[in-house]
Amino acid sequence: MAPTPPQDRRPIVISGPSGVGKGTPIQKLFHAHPDTFTTTISHTTRKPRVGEVDGTIADQTAKGLVIVLDIDVQGVKQVKASPDIDARYVFIKPPSFEKLEARLRSRGTEREEDVLKRLVRAKVELKYANTLDIFDIIVVNDDLEWAYRELEEYVFR
Ligand code: ADP
């Protein structure tokens, strides 16, 4: 079956605190819709630097693929400040601070001091997302299936 691309072909920037569960719904999106999306750099390796985003977005879009970027809030500020990028912005929020903490720990990849650093940073990021008119949609990642549906619905609407 031929892929049905989203009508809105702008790059989709997905952000949110580390450990909130961005990677999980993004992977679902890629699997559910093969040959539809692309990401400039695997979000499992490292975050793209802003210069790279600039350089490769046009090439990818030319291939008919819609770019999905998983970047931190700091990166979102930079992308937003770039006049050449017209993107859609999604923020993924935890159902509660306690659940975010639990998820960060459940990943088991972080040392205690890093978990604490990420939590401090998450507080700032959540405040930023809530107070400023930066994001087009805020998805609460409580039940993964619900969060995924909401993301998918937004992407294809
Ligand atoms: P991020 O990409 O935002 O850093 P991940 O996708 O790696 O986050 O998810 C962090 C952890 O939380 C993983 O262990 C993942 O399986 C788990 N997780 C993601 N979404 C949910 C959810 N809705 N409910 C419970 N755990 C979740």
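Just so it is clear, the model here is predicted, and its values are computed rather than measured.

About the thresholds
- Residues numbered from 1 in each chain as written.
- Predicted model: local features only at pLDDT ≥ 70, side-chain atom pairs only at ≥ 80, totals over all residues.
- Heavy atoms only, no water.
- Near = heavy atom within 4 Å.
- Polar contact = N/O pair within 3.5 Å; in protein donor to acceptor, adjacent residues only side chain to side chain.
- Areas by Shrake-Rupley, 256 points an atom, 1.4 Å probe, with all protein chains shown as cover.
- Helix = DSSP H or I, 4+ residues; strand = E, 2+ residues; numbered from the N terminus.
- Nonpolar A, V, L, I, M, F, W, Y, C, P; charged D, E, K, R; others polar.
- Salt bridge = Lys/Arg side-chain N within 4 Å of Asp/Glu carboxyl O.
- Buried < 20%, exposed > 50% of the residue type's maximum accessible area, 1.4 Å probe, protein only.
- Contact = heavy atoms within 4.5 Å.
- pLDDT = per-residue confidence, 0-100.
- Core = buried A, V, L, I, M, F, W, Y, C linked by side-chain atoms within 4.5 Å.

On to the site of the ligand. Close contacts around the ligand come from 15 residues, with Lys22, Thr24, Arg107, Asn141 and Asp142 the closest. Within the side chain of lysine 22, a nitrogen or oxygen atom sits 2.8 Å from an oxygen atom of the ligand. Asparagine 141 has a polar side-chain atom sitting 2.7 Å from a nitrogen atom of the ligand. Protein chains shield 70% of the accessible area of the ligand, which is 570 Å² for the free molecule. Contributions of two or more residues to the shell around the ligand are made by helix H1 (23-32) and helix H4 (97-107). In terms of residues, the shell around the ligand owes the most to one element, H4, which gives three residues. Taken together, the residues that form the shell around the ligand break down as three nonpolar, seven polar and five charged.

Bringing the pattern of salt bridges into the picture now. Across all of its chains, the model carries 14 salt bridges by this definition. Glutamate 125 is the partner of arginine 121 in a salt bridge, and the nearest nitrogen-oxygen pair spans 4.0 Å. Of the two residues, arginine 121 and glutamate 125 both sit in helix H5 (residues 112-131), four residues apart, roughly one turn of that helix. Given a relative accessible area of 45%, arginine 121 falls into the partly exposed group. Glutamate 125 sits in the buried class, given a relative accessible area of 8%. Here arginine 149 makes a salt bridge to glutamate 145, at a shortest N to O gap of 3.8 Å. Linking arginine 149 with glutamate 145, this pair stays in helix H6 (residues 144-156), spanning four residues, or about one helical turn. In this structure, a network of salt bridges that share partners links the residues Asp8, Arg10, Asp86 and Arg88.

Next up on the list: the side chain of glutamate 110. Take glutamate 110: it is sitting in the loop between H4 and H5. Beyond its immediate sequence surroundings of up to four residues, glutamate 110 is in contact with Val115 and Arg118.

It is worth spelling out the environment of threonine 4 at this point. Summarising the element assignment, threonine 4 is placed in the segment before strand S1 (12-15). Classification of threonine 4 by relative accessible area gives exposed; the value is 59%. Apart from residues no more than four positions distant in its own chain, threonine 4 is found in contact with Thr36 and Phe156.

Here we come to the confidence of the model for the chain. Residues at a pLDDT of 70 or more form 85% of the chain, whose mean pLDDT is 87. Within the chain, H6 carries the highest mean pLDDT (97), whereas helix H2 (residues 50-62) carries the lowest (58).

Core analysis: the largest hydrophobic core is formed by 22 residues, its most contacted members being Ile12, Ile14, Leu29, Phe37, Val90 and Val155. Secondary structure elements with two or more residues in this core: S1, H1, strand S3 (66-70), strand S4 (88-93), H4, H5, strand S5 (137-140) and H6. Take this core: its biggest share by element is five residues, from H6. The contact partners of valine 155, leaving out residues within four places of it in the chain, are Pro6, Ile12, Leu29, Phe37 and Arg88.

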